[in-house]
Amino acid sequence: MATLVEASREFLYRVAAKIDAGEKQIKEISMAKNFSCMVSDRVTYDASQIFGSCGYLRTCLVERLCRDNRILSIGGGTREIMKEIIAKHISS
Ligand SMILES: Cc1cc2nc3c(=O)[nH]c(=O)nc-3n(C[C@H](O)[C@H](O)[C@H](O)COP(=O)(O)OP(=O)(O)OC[C@H]3O[C@@H](n4cnc5c(N)ncnc54)[C@H](O)[C@@H]3O)c2cc1C
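The following refers to the structure shown. (Residues numbered from 1 in each chain as written. Predicted model: local features only at pLDDT ≥ 70, side-chain atom pairs only at ≥ 80, totals over all residues.)

What to know about the overall build of the protein
The helix and strand tally for the protein stands at 4 helices and 0 strands. What you see in the protein, going N to C, is helices and strands ordered as α-α-α-α. Relative to its length of 92 residues, the protein is extended, with a C-alpha radius of gyration of 15 Å against a globular reference of 12 Å. Residues counted as buried form 12% of the 92 residues belonging to the protein. Here the contacts in the protein between residues at least 6 apart in sequence split such that 58% fall between residues at least 24 apart. (Helix = DSSP H or I, 4+ residues; strand = E, 2+ residues; numbered from the N terminus. Rg over C-alpha atoms; globule rule 2.2 N^0.38 Å. Buried ≥ 20, exposed ≤ 12 C-beta atoms within 10 Å, placed from the backbone. Contact = placed C-beta atoms within 7 Å.)

Structural data, given as C-alpha cells:
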C-alpha cells in the first residue's frame, strides 16, 4: 500500500514539475489522475479489509475514507474519460 501511494505521489509530482516548467502534459495529467484513483481504490479497499468489520462502521475513519474515495474517480473528469484522453493522445 505504501509503495503504491509513493509511486502515485512521485508520478504526480513529476507531471506537476513539467507543467511548472511550461511543458504541455495533457496525456500525462490524465495518466496521473487515472493511476492515483486506481491506487486510492486499492488502498482504501485494503485498509478497510485490515480493519475487518470495524472498517465498515461509521465510527471508523476508514469507512469515511472509503466513501470519500468514490468521488476521486468521478469528480474533475471520470476515470473512463481519463482513459479516453490517454488513448486519443497515444493513437495520434
Ligand atoms: C460530490 C460531487 C461534487 C462535484 N463537484 C463538482 C464541481 O465542483 N464542479 C463540476 O464541474 N462538477 C462537479 N461534480 C460533477 C462531476 O464532475 C460529474 O459527476 C462527473 O464529471 C461525471 O459526470 P456525470 O455524473 O454526469 O456522469 P455521466 O457523464 O453521466 O457518466 C456516467 C458514467 O458513464 C461514463 N461515461 C460517460 N461518457 C463516457 C464515454 N464517452 N466513454 C466511456 N465512459 C463514459 C462515466 O465515466 C461514468 O462512469 C461533482 C460531483 C459530485 C458527486
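So, next bit.
What about the packing of helix 2 (residues 26–50) against helix 4 (residues 79–91)?
Direction vectors running N to C along helix 2 and helix 4 enclose 145 degrees, while the axes themselves pass 9 Å from each other. Note on packing geometry: the crossing formed by helix 2 with helix 4 is left-handed. Facing I26, K27, S30, M31, K33, N34 and C37 of helix 2, the residues of helix 4 in contact are R79, M82, K83, I85, I86 and H89. When the residues that make up the contact of helix 2 with helix 4 are grouped by side-chain class, the tally is 6 nonpolar, 3 polar and 4 charged. (Axes fitted to C-alpha atoms, helices over the stretch in contact; angles between N-to-C directions. Left-handed = near helix turned anticlockwise from the far one by under 90°. Nonpolar A, V, L, I, M, F, W, Y, C, P; charged D, E, K, R; others polar.)

Remarks on the site of the ligand
What surrounds the ligand is the set I71, I74, G75, T78, E80, I81 and E84. Residue contributions to the shell around the ligand peak at 3 residues, all from helix 4. Split by residue class, the shell around the ligand holds 3 nonpolar, 2 polar and 2 charged. (Near = placed C-beta within 6 Å.)

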